[in-house]
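Working through the structure, step by step
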Amino acid sequence: MTDHHETRAHARPDAYSQISPHRSLHVMTWGCQMNAYDSGRMEDVLRPLGFRSATGPDADLVILNTCHIRERAAEKLFSELGRLRTLKEARDGAMTIVVAGCVAQAEGTEILTRAPFVDLVIGSQSYHRLPELLARRARTGVPVIETDFPAEQKFELLPKDQASQGPVAFLAIQEGCNKFCTFCVVPYTRGEEQSRPAAAILAEARLLVTKGAREIALLGQNVNAWHGEAPSGGQWSLARLLAELAEIPDLARLRYTTSHPRDMRMELIAAHRDNPKLLPFLHLPVQSGSDGILKAMNRRHDTRLFRRIVDDLRAARPDIALSSDFIVGYPGETDADFEETMNLVRETRFALAYSFKFSPRPGTPAASAENQVPESVKDARLQELQALLRDQQHAFNDAQVGRHFDVLFTGSGRHPGQIAGRSPYLQPVIVADQKIGPGTIHEVTITAANPNSLMANIVGGAITGPALTHEQEHKAA
Ligand code: SAH
Ligand code: SF4
Ligand code: F3S
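Remember, it's a predicted structure, so these values are computed and weren't measured experimentally.

**Section: the environment of serine 259**
By secondary structure assignment, the location of serine 259 is in the loop between β13 (253–257) and α11 (266–274). Among residues more than four places away in sequence, those in contact with serine 259 are Val223, Asn224, Met264, Leu282, His283, Leu284 and Pro285.

**Description of the site of ligand 3**
Near ligand 3 you find Cys32, Asn35, Thr66, Cys67, His68, Ile69, Cys102, Arg190 and Gln221, and these make up its full shell. A class-by-class count of the residues in the shell around ligand 3 yields four nonpolar, four polar and one charged.

**Some points on the site of ligand 2**
Surveying the vicinity of ligand 2 reveals the residues Cys177, Lys179, Phe180, Cys181, Phe183, Cys184, Val186, Pro187, Asn222, His260 and Arg299. Class assignment of the residues belonging to the shell around ligand 2 gives a composition of seven nonpolar, two polar and two charged.

**Some points on the packing of aromatic side chains**
Going through the model one piece at a time under the given rule, you end up with seven aromatic pairs. Ring centres of phenylalanine 306 and phenylalanine 350 lie 6.4 Å apart, and the angle between their planes is 35 degrees; on these two criteria the pair is classed as tilted. One end of the pair, phenylalanine 306, is in helix α13 (residues 303–316); the other, phenylalanine 350, is in the loop between α14 (335–348) and β16 (352–357), with 44 residues separating them in the sequence. Here the two residues phenylalanine 306 and phenylalanine 350 agree in accessibility, since each one is buried. Relative to phenylalanine 358, the ring of tyrosine 330 has its centre 5.5 Å away and its plane inclined at 70 degrees; by these criteria the two rings are edge-to-face. In this pair, tyrosine 330 sits in the loop between β15 (321–328) and α14 while phenylalanine 358 sits in the loop between β16 and α15 (375–398), placing the two residues 28 residues apart along the sequence. The two residues tyrosine 330 and phenylalanine 358 agree in class, both being buried. The ring centre of phenylalanine 155 lies 4.5 Å from the NZ or CZ of lysine 154, which sits over that ring.

**Some thoughts on the pairing of β13**
Within β13, five of the five residues are buried, which leaves it mostly tucked inside the rest of the structure. Where burial is concerned, the two faces of β13 agree: the one with Arg253, Arg255 and Thr257 and the one with Leu254 and Tyr256 are both buried. Pairing of strand β10 (residues 215–219) with β13 involves five bridges; the strand directions are parallel. Looking at the pairing, glutamate 215 lines up with arginine 253 of β13.

**Some remarks on the pattern of salt bridges**
Counted according to the given criterion, the structure contains 32 salt bridges. Where glutamate 244 meets arginine 240, a salt bridge forms, and the shortest distance between an N and an O atom there is 2.9 Å. In this pair, glutamate 244 and arginine 240 are both assigned in helix α10 (residues 238–245), four residues apart and thus about one turn of the helix distant. The class of arginine 240 is partly exposed, set by a relative accessible area of 38%.

**Description of the environment of leucine 282**
Along the chain, leucine 282 turns up in strand β14 (residues 281–283). The exposure class assigned to leucine 282 is buried, which follows from its relative accessible area of 0%. On a C-alpha basis, the gap between leucine 282 and glycine 212 in space is 24 Å, while along the polypeptide they are 70 residues apart. Those residues in contact with leucine 282, other than ones at most four positions away along the chain, are Tyr256, Ser259, Met264, His272, Leu313, Ile320, Ala321, Leu322 and Ser323.

**Things to note about the confidence of the model for the chain**
Counting all residues, the mean pLDDT for the chain is 92, and 93% of those residues have values of 70 or more. Here residues 466–470 scores under 50 on pLDDT; set against residues more than four positions off or in separate chains, the count is eight contacts.

**Some points on helix α9 (residues 198–210)**
Taking 1.5 Å of rise per residue, 13 residues should cover 18 Å, and α9 covers 18 Å from first to last C-alpha, within 8% of that figure. Looking at α9, one finds that the buried residues are Ala198, Ile201, Leu202, Glu204, Ala205, Leu208 and Val209. Looking straight down α9, one finds that the buried residues subtend no more than 165 degrees of arc, so they occupy a single side. Immediately beyond the C-terminal end of α9, within one or two residues, lies glycine 212, with a positive phi of roughly 110 degrees.

**With respect to the packing of α11 against α13**
Contact geometry for α11 and α13: axes closest at 8 Å, N-to-C directions at 35 degrees. By crossing handedness, the relation of α11 to α13 is classed as right-handed. Mapping the contact onto sequence places Met266, Ile269, His272 and Arg273 in α11 and Ile309, Asp312, Leu313 and Ala316 in α13. Here the residues of the contact of α11 with α13 sort into five nonpolar, one polar and two charged.

**Quick notes on the packing of α14 against α15**
Axis separation between α14 and α15 bottoms out at 10 Å; the angle between their running directions is 5 degrees. With respect to their mutual orientation, α14 and α15 come out roughly parallel. Residues Asp335, Phe338, Glu339, Thr341, Met342, Val345 and Arg346 of α14 form the contact with α15, whose own contacting residues are Arg381, Glu384, Leu385, Leu388, Leu389 and Gln392. Among the residues forming the contact of α14 with α15, the class breakdown is six nonpolar, two polar and five charged.

**Focus: the sheet that holds strand β1 (residues 23–29)**
The six strands lie next to each other as β2-β1-β3-β4-β5-β6, forming an open sheet whose pairing is parallel. The open sheet has two edge strands with one neighbour each: β2 (51–53) and β6 (144–146). Along the sheet, successive strands turn relative to each other by an average axial angle of 20 degrees, direction set aside. Relative to strand β3 (residues 61–66), helix α3 (residues 73–90) is tilted by about 175 degrees, and along the sheet it contacts β1, β3 and β4 (96–100).

Parameters at a glance
- Residues numbered from 1 in each chain as written.
- Chains lettered and ligands numbered in written order.
- Predicted model: local features only at pLDDT ≥ 70, side-chain atom pairs only at ≥ 80, totals over all residues.
- Heavy atoms only, no water.
- Helix = DSSP H or I, 4+ residues; strand = E, 2+ residues; numbered from the N terminus.
- Contact = heavy atoms within 4.5 Å.
- Near = heavy atom within 4 Å.
- Nonpolar A, V, L, I, M, F, W, Y, C, P; charged D, E, K, R; others polar.
- Phe/Tyr/Trp six-rings, centres within 6.5 Å; stacked < 30°, edge-to-face > 60°.
- Buried < 20%, exposed > 50% of the residue type's maximum accessible area, 1.4 Å probe, protein only.
- Lys NZ or Arg CZ within 6 Å of the ring centre and 35° of its normal.
- Pairing = 2+ DSSP bridges.
- Salt bridge = Lys/Arg side-chain N within 4 Å of Asp/Glu carboxyl O.
- pLDDT = per-residue confidence, 0-100.
- Expected span 1.5 Å × (residues − 1).
- Arc of directions from axis to C-beta.
- Axes fitted to C-alpha atoms, helices over the stretch in contact; angles between N-to-C directions.
- Left-handed = near helix turned anticlockwise from the far one by under 90°.
- Parallel < 35°, antiparallel > 145°, perpendicular 65-115°, else oblique.

Rendered as structure tokens:
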């Protein structure tokens, strides 16, 4: 408790009530792209208060934007907090520490009990209120916890302006999940599914494009469940929203992530044929190739539905590349179940995939199941699956050699003189040519494939696009 009192003694009552030009901010982010988007938006909220990004954690305000999806989330947070505590003590308490994101939502008061030097614990739904909550903390000298799910829509209350995200920008259109897969914390940490209104999304997309975005990735925990209020009443589907976004002249590429098989409607599949700006890439988590396990997981889809979607997608867009998520060692998973997962992977052929050992999450039904799979079995299955997925990724990359396609260049490569961009399948593409500016799109020929990237030569001139401002180039690099 001593820390608690020391921290109180150093609270400055006026700390957040006036605008100062020189306050440093450091945001650390774990987890999914939605969390990364949230971190950017938190910076947008704090910029009018005079906060500017610091280069390291020794800053006036430090925000830890946390993820709770798999094990060791809390340990990672507390070890980071241990480091920050030393820095805060060295600054004589003049550091405000905020724990945000999904661990904040899930653990709440527990964080203050274990780390009383934390100033504010704020869930993912309330960060539009950061200025007010920081002011309350400064005024009262008492740490603040805000983990309610407010009725208002956070995204519509954030500042309209936002910093450039560079040529590839993220835009949250949907948040939360009503699916309650038995292993997953997201429905608890992010709350119920909510779709943002189409007009707000279109306005944000146009703004991002004026700030240099050529590709926009629409984000949501179940992004294809999006069904939002249309600008002139009624509702739009995601396919309709994508069609409207495709009308933005300087926007060249669109994608959306993460989708759930259950919400993969025919109209959306058809958009992969009809919408020329929609990238031929889809991340569609399947988790397992065993129907018994999918049922136990409460996934609300079976392997038949997944296979049908894959067939329909490939019929609509023959060059579409697929990526997915897998969990091995879900409670009760037998060797035969696992073999069905391997078979589904062999048959489907993924360009990319993420695979995880089942991690029992506090408060989820699967965590208390009795038939947990031993760690050594999970390890062996993960290795086997990852070897297969790696082979498929390499085969997919190798198959690009000799092909021509458009690459969106985003910044410098790892070596001097190189510039890096992304293929329509999101693979990093490296070109040895300094003259290409970030945000431009060029046709290339792929000359070689590495395990995680492609090498290319430019074959065409720039496919029109606005030049980036100095600030945007800086951000992109
Ligand atoms: N909304 C997406 C994914 C959300 S979480 C979907 O419905 O698929 C991202 C991935 O983390 C999941 O697809 C799953 O593969 C993995 N994951 C989630 N909870 C997990 C757990 N308890 N153990 C292991 N992996 C998990
Ligand atoms: Fe989690 Fe399932 Fe919702 Fe995806 S659909 S966020 S895995 S509960
Ligand atoms: Fe993690 Fe929360 Fe995203 S738990 S994966 S940061 S929704």
